Amino acid sequence: MLKPSDVRALVEVHDRFFDDIRDDLRQWKNLYMTRFWRGRATRALDGVLRTEVSKAYKTVESYIGSLYSKNPAVRVEPDLRDRGNPAVAQATANEYLRGVREQIEGATRLALIYPCSFLKLAPVENVDPLKRVSCSALPPWEVIVDATAGAWDQQRHVGHVYLMPVQEASVRFGKPVDAFRPRVFAKWIDGGMSSGSPDPAVQLDTATASSDKWIRLVELYDLQADRLLVWSEDYANGEDFLFEGVTVQVGALPADAGQGEEPEPVLEHETTGIPYKSASGRPVVPIIPVYFSRDPDTPLRGYSLIDRSADQFRELNVMRTYQAQGVRRMARQWMVRAGFLGDDAAAKISQGIDGEFIEVDLQPGMPLEGNMTAVPQAPIPADILSYGLTVEQDINDAGVLAPFTRGEATGTTATEQQLLASYTSSEIGRMARIRDAVISELAFTYNVMLSVILGDDAEPLALPNPVGPTILSADDLTGDFTYWADDAGTTPMSDFTKQQSLERLAPVLVQLGADPALILKEMVRTFQLPADLAKLAQQVPQPGIPPNEPGIAPPEEGAL
């Protein structure tokens, strides 16, 4: 069981690790943001106008565009012990995933720029129970991991480090404002200390606005003792826990929601260990990791895509700056014999006015050659261009990307490109498997949290055919379902393709002897037609029986 002193030690180890690599993290971000030269000492000393390229941005966004061109969704398979309702679990999960697409893409972008990223689900207050779970993308320095573990599910503890306004913390945890030692807000990546203040020991002035006062919280999940702990060094000098458990709003959507004044939310303080558990009793941490590459020795530290090619990105920026300086020096300059041009003539040449007559001091019959000649310019060496192509190739080789993902025209078909973006041996295929695992884990975690939020109440839902109207309860979501990411089956184009295929195959299936009633039910489900149309299946003529004629009843037993 972790004590406050143990939590302090975990936070100090976490802070030291990321403080040591903060300069690298900032450099990777600047490469992506096309700010490589900003803040560097050489920029201010020599006064050279520097140029940089957006190659790092293009590399990251090419992965994003290849991985997230559709809407995230899942397909839920039943529990082996026949617990819960997989159709209802699939509907609630897909409804939630449609609203968190930006957060999923944001976490993917962070995981490509930095060594890893995370998605954090947290309970919030809302009248609609389906919207009482928020989702946020977290950078790696905000999540405490057990670096000694070899896999995510083998950790002893997981934590989230973040800043919260003092007023909000006072309301949420039931402590007076004076019980906290506030600090100013500062982003860690921009140079602020891990504590969030230039000097943690300095107290803020009493005249500081309450909105500018923050405290640093550590939300720690003790997986060995099954406890959810909230600790802060700004409360009781870190010698006691600030809170234990979590407060959630429970209950279904009121019948008169949106009609007049909303009732007070029903809040429950869950203190029985980690409140989110699977059907088998396993604690569920509402933090989903996103690792696209890993450190072989320390898998939970991750490995950055930008770090893999940081040297090449730097070389491109240096080389492009060198080329720009060479081009700027290529001015059209002339060498003139002394006394050949007067002041007025030299001014007219500098102005470059079309059709201008310029007088020169030249004897009649004497040629202009020898009195005026252009200043010779040395061309930029061809090796510079060759070196640039080599650096570009190094970046492409590090990514193991197919050419079409970089916008290069190839002779591959659309089917081949779909396979490359799916489960293949390419880099995109490997990342697609990780993406699908993140989406599946996100859907599973949301349903577990929703079962806690519903409590003992039930929520009416209107699901598509063939389920139809149903009642959502916590028991429907309590099951060890199998979640499969089904990104390709939720777009309007794919639905339209399925409908066309069914129209084309229906006559063929009937000719082959398929039951027309079953085909009609499938068409009602695929086209999402009214369920009453399925009743027409009883009136569909059987093969070989003329319409409007009753079929021949089978003989009764004992009639022969």
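Parameters and conventions
Residues numbered from 1 in each chain as written. Predicted model: local features only at pLDDT ≥ 70, side-chain atom pairs only at ≥ 80, totals over all residues. Heavy atoms only, no water. Helix = DSSP H or I, 4+ residues; strand = E, 2+ residues; numbered from the N terminus. Buried < 20%, exposed > 50% of the residue type's maximum accessible area, 1.4 Å probe, protein only. Contact = heavy atoms within 4.5 Å. Areas by Shrake-Rupley, 256 points an atom, 1.4 Å probe, with all protein chains shown as cover. Axes fitted to C-alpha atoms, helices over the stretch in contact; angles between N-to-C directions. Parallel < 35°, antiparallel > 145°, perpendicular 65-115°, else oblique. Left-handed = near helix turned anticlockwise from the far one by under 90°. Phe/Tyr/Trp six-rings, centres within 6.5 Å; stacked < 30°, edge-to-face > 60°. Lys NZ or Arg CZ within 6 Å of the ring centre and 35° of its normal. Pairing = 2+ DSSP bridges. Expected span 1.5 Å × (residues − 1). Polar contact = N/O pair within 3.5 Å; in protein donor to acceptor, adjacent residues only side chain to side chain. pLDDT = per-residue confidence, 0-100. Core = buried A, V, L, I, M, F, W, Y, C linked by side-chain atoms within 4.5 Å.

### Considering the overall build of the chain
- Across its full length, the chain holds 16 helices and 16 strands.
- Out of the 560 residues belonging to the chain, those deemed buried represent 40%.
- For the chain, the proportion of contacts with a sequence separation of at least 24, taken over those separated by at least 6, is 67%.
- Accessible area for the chain stands at about 31400 Å²; split by element, carbon and sulfur atoms hold 53% of it.

### A look at the packing of helix α5 (residues 86–97) against helix α13 (residues 427–454)
- The N-to-C vectors of α5 and α13 enclose an angle of 110°; their axes lie 9 Å apart at closest approach. Relative to α13, the element α5 is oriented roughly perpendicular. The way α5 lies across α13 gives a crossing that is right-handed. Contact with α5, carried on its side by Ala89, Thr92, Ala93, Tyr96 and Leu97, involves Ile439, Leu442, Ala443, Tyr446, Asn447 and Leu450 of α13 and no other residues of that element.

### Considering the packing of aromatic side chains
- Tallied over the full model, the rule gives 14 aromatic pairs.
- Centroid distance Phe118 to Trp152: 5.8 Å. Interplanar angle 35°. Geometry classified as tilted. On the criterion of sequence distance, the pair formed by Phe118 in strand β2 (residues 117–123) and Trp152 in the loop between β4 (143–144) and β5 (157–165) is long-range, its members being 34 residues apart.
- Residue classification places Phe118 among the buried positions, given a relative accessible area of 1%.
- Each member of the aromatic cluster is reached from another via a ring pair, and the members are Phe17, Phe18, Tyr114, Trp141 and Trp188.
- It is Arg50 that lies over the ring of Trp37; its NZ or CZ is 5.1 Å from the centre.
- Above the plane of the ring of Tyr291 lies Arg294, whose end atom (NZ or CZ) is 4.2 Å from the centre.

### A look at the sheet that holds β5
- With respect to topology, five strands assemble into an open sheet ordered β4-β5-β6-β7-β8, the strand pairing being antiparallel. Among the strands making up the open sheet, the edge pair consists of β4 and β8 (243–244).
- Bridging between β4 and β5 involves two bridges; their strand directions are antiparallel. Bridging across to β5, Ile144 finds its partner in Gly159.
- Along the sheet face, helix α1 (residues 4–20) touches β4, β5, β6 (214–222) and β7 (227–231) and points at about 105° away from the line of β6.

### Remarks on the environment of Val318
- Here Val318 shows up in helix α9 (residues 310–328).
- Taking the C-alpha atoms as reference points, Val318 and Glu52, separated by 266 residues in sequence, lie 7.5 Å from one another.

### Details of the sheet that holds β2
- Taken in spatial order, the three strands line up as β3-β2-β11 in an open sheet, and their pairing is antiparallel. Each end of this open sheet is capped by a strand with a single partner; those strands are β3 (133–138) and β11 (287–290). The mean inter-strand angle of the sheet, taken between neighbouring strand axes irrespective of direction, is 20°.
- Along the sheet face, helix α6 (residues 101–113) touches β2, β3 and β11 and points at about 145° away from the line of β2.
- Packed onto the sheet, α13 meets β2, β3 and β11 and runs at close to 15° relative to β2.

### Notes on α5
- For α5, built from twelve residues, the straight-helix expectation of 16 Å at 1.5 Å per residue is met to within 8% by its first-to-last C-alpha distance of 16 Å.
- Listed in full, the buried residues belonging to α5 are Pro86, Val88, Ala89, Thr92, Ala93, Asn94, Tyr96 and Leu97.
- With a side-chain oxygen lying 3.1 Å from the backbone nitrogen of Ala87, the N-terminal cap of α5 falls on Asn85.

### Structural notes on the confidence of the model for the chain
- Per-residue pLDDT for the chain averages 80, and the proportion of residues at 70 or more is 79%.
- In the model, residues 195–202 has pLDDT below 50 throughout and makes 14 contacts with residues more than four positions away in sequence or in other chains.
- For residues 548–553, every residue scores under 50 in pLDDT, and the model assigns this stretch one contact once sequence neighbours within four places are set aside.

### Examining helix α16 (residues 516–526)
- Listed in full, the buried residues belonging to α16 are Pro516, Ala517, Ile519, Val524 and Thr526.
- The N-cap of α16, judged by a side-chain oxygen 3.1 Å from the amide nitrogen of Ala517 a few residues on, is Asp515.
- After α16 finishes, the residue Gln528 shows a positive phi value of roughly 55°.

### What about the nonpolar core?
- Counting residues in each nonpolar core, the largest one holds 90 residues, and the members touching the most others are Leu25, Leu121 and Leu442.
- Sorting elements by how many residues they give to this core places α13 first, with 16 residues.
- Not counting chain neighbours up to four residues away, the residues in contact with Leu121 comprise Tyr96, Val133, Ser134, Cys135, Pro286, Ile288, Leu442, Thr445, Tyr446 and Met449.
- Val166, Phe180, Ile215 and Leu217 belong to the second-largest nonpolar core, a separate cluster that totals twelve residues.

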